[in-house]
Amino acid sequence: NCIFSEVAAIFINAESAGITIYPNPVVDVLYIKSVGENQKAVLTIIDGSGKKLKFVNVALINNVVQQIPVNNLSRGLYNLQIETKIGTETKNFIKQ
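The paragraphs below set out a description of the structure included in this document. Keep in mind the model is a prediction, meaning the values are calculated, not measured.

This part covers the sheet that holds strand S7 (residues 88-95). Within the open sheet, the 4 strands sit side by side as S4-S3-S6-S7. Their pairing is antiparallel. In this open sheet, the two strands that pair with only one neighbour each are strand S4 (52-60) and S7. This sheet shows a mean twist of 20° between the axes of neighbouring strands, independent of strand direction.

Right under this line is the structure:
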């Protein structure tokens, strides 16, 4: 037996769309775009050994792009930890 149903609409919570970082790999400036509720955030750049290198306080505003200079970082793999009132999200990026 097969059961079919029709989906009339799907609603996606804008907060779940999250945060996008680009370009990846990055050379000089990392761009961060947030979709959803406007909120304050602490951005932490962490190197491959787990050392916290840079802390930046930002206001994440829906569809507004933030710029984080990374030209002083050595080449390698880094984590960008994004801490907001909703929780903490970690994104990886490569510095060229």
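A word on the pattern of salt bridges. Applying the stated criterion to the full structure yields 2 salt bridges. With a closest N to O distance of 2.6 Å, Lys 85 and Glu 37 form a salt bridge. Of this pair, Lys 85 sits in the loop between strand S6 (76-83) and S7 while Glu 37 sits in the loop between strand S2 (29-34) and strand S3 (39-46), placing them 48 residues apart in sequence. For Lys 85, a relative accessible area of 65% puts it in the exposed group. Notably, a salt bridge pairs Glu 89 with Lys 91, separated by 3.1 Å at the nearest N-O pair. The class for Lys 91 is partly exposed, based on a relative accessible area of 24%.

Let us look at the environment of Tyr 78. In this fold, Tyr 78 is placed in strand S6. Apart from residues lying up to four places away in sequence, Tyr 78 is in contact with Ile 45, Ile 46, Asp 47, Leu 53, Leu 73, Lys 91, Asn 92, Phe 93 and Lys 95. Looking at Tyr 78, its side chain comes within polar contact range of the main-chain oxygen of Ser 74, at 2.8 Å.

What counts, and at which threshold
- Once a new chain begins, its residue numbering starts again from 1 and follows that chain's sequence as written.
- In keeping with the predicted nature of the model, local features appear solely for residues at pLDDT of at least 70, side-chain atom pairs appear and are counted solely at 80 or more, and the whole-chain, interface and lining totals rest on all residues.
- Side-chain metrics in this entry use all non-hydrogen atoms of the structure; hydrogen atoms and water are not considered.
- Two strands are counted as paired when DSSP detects at least two bridges linking them.
- Helix and strand definitions follow DSSP, with helices as H or I runs of at least four residues and strands as E runs of at least two, each counted in order from the N terminus.
- Axes here refer to lines fitted to C-alpha atoms; in helices the fit is confined to the stretch in contact. Angles between the N-to-C directions go from 0 to 180 degrees.
- The term salt bridge refers to a pairing of a side-chain nitrogen on Lys or Arg with a carboxyl oxygen on Asp or Glu at a separation within 4 Å.
- Three labels apply to residues, based on accessible area from a 1.4 Å probe with only protein chains included: buried if under 20% of the type maximum, exposed if over 50%, partly exposed otherwise in between.
- Only heavy atoms matter for contacts: two residues are in contact if any of them lie within 4.5 Å across the pair.
- Pairs of N or O atoms within 3.5 Å make up the polar contacts considered here, provided that, within protein, one atom can donate a hydrogen while the other can accept it, and that residues adjacent in sequence are counted only when both atoms are side-chain atoms.

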